[in-house]
Amino acid sequence: NSSLKVINFADTQFDKIDDLEKNPTLYKTIKYAINNEHPDLITFSGDNCWKKKTKSCYRKLCRWMDKFKIPYFMVFGNHDGEHAKAAELINIVNRSKYGLISRGPYFEGTQGNYCIDIKNENEEIVHSIFMMDSRDYYDHSEEDYQYVTNPIPGMKYHTHNDKYYYGSEIYDGIRDGQIDWYVEQVNRVNAPSTIITHMPIMEYAFAYEDYLIALKNEDQALLNEIAPIGHCDIKEKVACDIVNHGLFNKMVELGSTKNFICGHDHSNDFSLVYKGVRLTFALKTGNECYWSGETMNGYTSLEIKSDGSTILNQNYYNPLA
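Residues numbered from 1 in each chain as written. Predicted model: local features only at pLDDT ≥ 70, side-chain atom pairs only at ≥ 80, totals over all residues. Heavy atoms only, no water.

1. With respect to the overall build of the chain
- Counting its secondary structure elements, the chain contains seven helices and 14 strands.
- Relative to the 2.2 N^0.38 estimate, which gives 20 Å for 321 residues, the radius of gyration of the chain is 19 Å and therefore close to what a compact globule would have.
- Expressed along its principal axes, the backbone C-alpha trace of the chain runs to roughly 50 × 45 × 45 Å.
- In the chain, which comprises 321 residues, the share counted as buried stands at 56%.
- Long-range contacts, defined here as pairs at least 24 residues apart, represent 73% of the contacts in the chain between residues at least 6 apart.
- About 13,600 Å² of surface is accessible on the chain, with carbon and sulfur atoms providing 45% of the total. (Helix = DSSP H or I, 4+ residues; strand = E, 2+ residues; numbered from the N terminus. Rg over C-alpha atoms; globule rule 2.2 N^0.38 Å. Buried < 20%, exposed > 50% of the residue type's maximum accessible area, 1.4 Å probe, protein only. Contact = heavy atoms within 4.5 Å. Areas by Shrake-Rupley, 256 points an atom, 1.4 Å probe, with all protein chains shown as cover.)

Here it is in structure tokens:
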């Protein structure tokens, strides 16, 4: 009968086997978030570590996170598996005291599809967080491209053959077998839900197009419906799969999932409601890999109330202040 606080760290990309204290921006941001929010659980939305020493970095990261004595859950991004096998990383996290990545069912090369069920004192599920593996890279065919028929001024599009298109040709996404699994889980929990994954889906671009149109037309009614949170910056093109596999349509049809949280695009931070679902780019945590500066640094928080409803916030933090 009380709220539960979740905080998400996105694209930490810890890549040095030195102690985290020697990565001051990343270290300060994580420590500030935990001390400020006092979360009940923590999620990592992929690209948690990377480069050739990925396994050693996972061990270091897990040992440091264990010190906070708060359960933390992870999904993988496109960089986690470049120099380590998913099974190896799952074993490292699961050997830690407070960390968990469930192997989940195996779908077309994915590992780490699982649910975090939030229950009340009567053991009834009031909310479930679906952790979903969005894979890494995919070699698309010419037929896969979905071109933009009406480009919106101010929107950043990818280009191919002098045409605008949605997504990035190198990245993969959530596929049919996982969508079937998602439907099964929604029916199982029969409660509100949140999806946390690494890659955005194509509807992020659609949502931002609507946002730009509403701003241009000064349509306050539509802006109220879109309900922007955070700076709502889009400093880079939405790097989703160029094939839309239909996950979002299934989310709308079933009506369970009200939050879809991803990382991947370090310089995008918008959180917008599109067709009843809040699509959120989790704030990049720390300055590893590429970084848009302290004004885009931080973490995303999700408060889950006893009735299963949620409050999401983008929490900016300047580690240099």
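Next comes the rest of the description.
2. Some points on the packing of helix H4 (residues 176-189) against helix H7 (residues 247-254)
- Two elements in contact, H4 and H7, have axes separated by 10 Å at closest approach and are oriented at 15°. It follows from the interaxial angle that H4 and H7 lie roughly parallel. With respect to the hand of their crossing, H4 and H7 are arranged in right-handed fashion. Two secondary-structure elements touch here, H4 through Ile179, Tyr182, Val183 and Val186 and H7 through Leu247, Lys250, Met251 and Leu254.
- The residue makeup of the contact of H4 with H7, split by class, is seven nonpolar, no polar and one charged. (Axes fitted to C-alpha atoms, helices over the stretch in contact; angles between N-to-C directions. Parallel < 35°, antiparallel > 145°, perpendicular 65-115°, else oblique. Left-handed = near helix turned anticlockwise from the far one by under 90°. Nonpolar A, V, L, I, M, F, W, Y, C, P; charged D, E, K, R; others polar.)

3. Notes on the sheet that holds strand S6 (residues 125-131)
- Pairing is mixed across the open sheet formed by six strands, whose spatial order is S5-S6-S9-S10-S12-S11. The open sheet has two edge strands with one neighbour each: strand S5 (114-119) and strand S11 (271-274). Pairwise comparison of adjacent strand axes, ignoring direction, gives a mean angle of 20° for this sheet.
- Strand direction decides the pairing type here: S11 and strand S12 (residues 277-281), joined by four bridges, are antiparallel. Its bridge partner lying in S12, Ser271 is registered against Thr280.
- On the sheet, H7 packs against strand S9 (193-196), strand S10 (257-262), S11 and S12 and is oriented at approximately 140° with respect to S12. (Pairing = 2+ DSSP bridges.)

4. Considering a negative patch on the surface
- A cluster of acidic residues, Glu108, Asp176, Asp180 and Glu184, forms a negative patch at the surface.
- One can find Glu184 in helix H4.
- The exposure class of Glu184 is exposed, given its relative accessible area of 52%. (Patch = residues over 30% accessible without salt bridge, like charges linked within 9 Å, V, L, I, M, F, W, Y side chains within 5 Å. Salt bridge = Lys/Arg side-chain N within 4 Å of Asp/Glu carboxyl O. Lys, Arg positive; Asp, Glu negative; His and termini not counted. Charge placed at Lys NZ, Arg CZ, Asp CG, Glu CD.)

5. Topic: the side chain of His198
- Relative to the helices and strands, His198 is located in the loop between S9 and helix H5 (203-217).
- Overall, His198 belongs to the buried group, its relative accessible area being 0%.
- Here the side chain of His198 touches His264 through a polar contact of 3.1 Å, side chain to side chain. (Polar contact = N/O pair within 3.5 Å; in protein donor to acceptor, adjacent residues only side chain to side chain.)

6. Remarks on the pattern of salt bridges
- Applying the stated criterion across every chain, the model contains ten salt bridges.
- Residue Asp15 pairs with Lys16 through a salt bridge whose shortest N-O separation is 3.1 Å.
- Under the relative-accessibility criterion, Asp15 is labelled buried at 13%.
- A residue is classified by how much of its surface remains accessible, and Lys16, at 34% relative accessible area, is partly exposed.
- Taking the shortest distance from any N to any O, the salt bridge between Lys16 and Glu288 comes out at 3.1 Å. One end of the pair, Lys16, is in the loop between strand S1 (4-9) and helix H1 (24-37); the other, Glu288, is in the loop between S12 and strand S13 (298-304), with 272 residues separating them in the sequence.
- The exposure class assigned to Glu288 is buried, which follows from its relative accessible area of 8%.
- What you see here is one network of salt bridges that share partners, running through Asp15, Lys16, Lys51 and Glu288.

7. With respect to the nonpolar core
- In this structure, Phe9, Ile42 and Met65 are the most contacted members of the largest nonpolar core, which totals 48 residues.
- Broken down by element, the residue count for this core peaks at six residues, all from helix H2 (residues 54-66).
- The residues touching Met65, leaving out its near neighbours within four places in the chain, are Phe9, Ile30, Ile34, Ile42, Phe44 and Tyr72.
- Counting residues in each nonpolar core, the second largest holds 42 residues, with Tyr182, Ile201, Ala205 and Phe270 among its members. (Core = buried A, V, L, I, M, F, W, Y, C linked by side-chain atoms within 4.5 Å.)

8. Examining helix H3 (residues 86-95)
- Three or more residues of H3 are buried, namely Leu89, Ile90, Ile92 and Val93. Buried positions in H3, seen along its axis, are confined to an arc of 160° and lie on one side of it. (Arc of directions from axis to C-beta.)

9. Quick notes on the packing of aromatic side chains
- Under the criterion given, the structure shown has 21 aromatic pairs.
- Residues Tyr145 and Tyr147 carry aromatic rings whose centres are separated by 6.1 Å and whose planes lie at 15° to one another, so their mutual orientation is stacked.
- Given the relative accessible area of 27%, Tyr147 is considered partly exposed.
- Consider the rings of Tyr208 and Tyr211, whose centres lie 5.5 Å apart with planes at 50°: the pair is tilted. Residue Tyr208 and its partner Tyr211 are located together in helix H5, separated by three residues, close to a single helical turn. Grouping residues by exposure puts Tyr208 and Tyr211 together as buried.
- Here the aromatic residues Tyr157, Tyr164, Tyr166, Phe206, Phe248 and Tyr274 are joined through ring pairs into a cluster of three or more.
- The ring centre of Tyr147 lies 4.8 Å from the NZ or CZ of Lys163, which sits over that ring.
- Its end group placed over the ring of Tyr138, Arg175 keeps NZ or CZ at 4.3 Å from the ring centre. (Phe/Tyr/Trp six-rings, centres within 6.5 Å; stacked < 30°, edge-to-face > 60°. Lys NZ or Arg CZ within 6 Å of the ring centre and 35° of its normal.)

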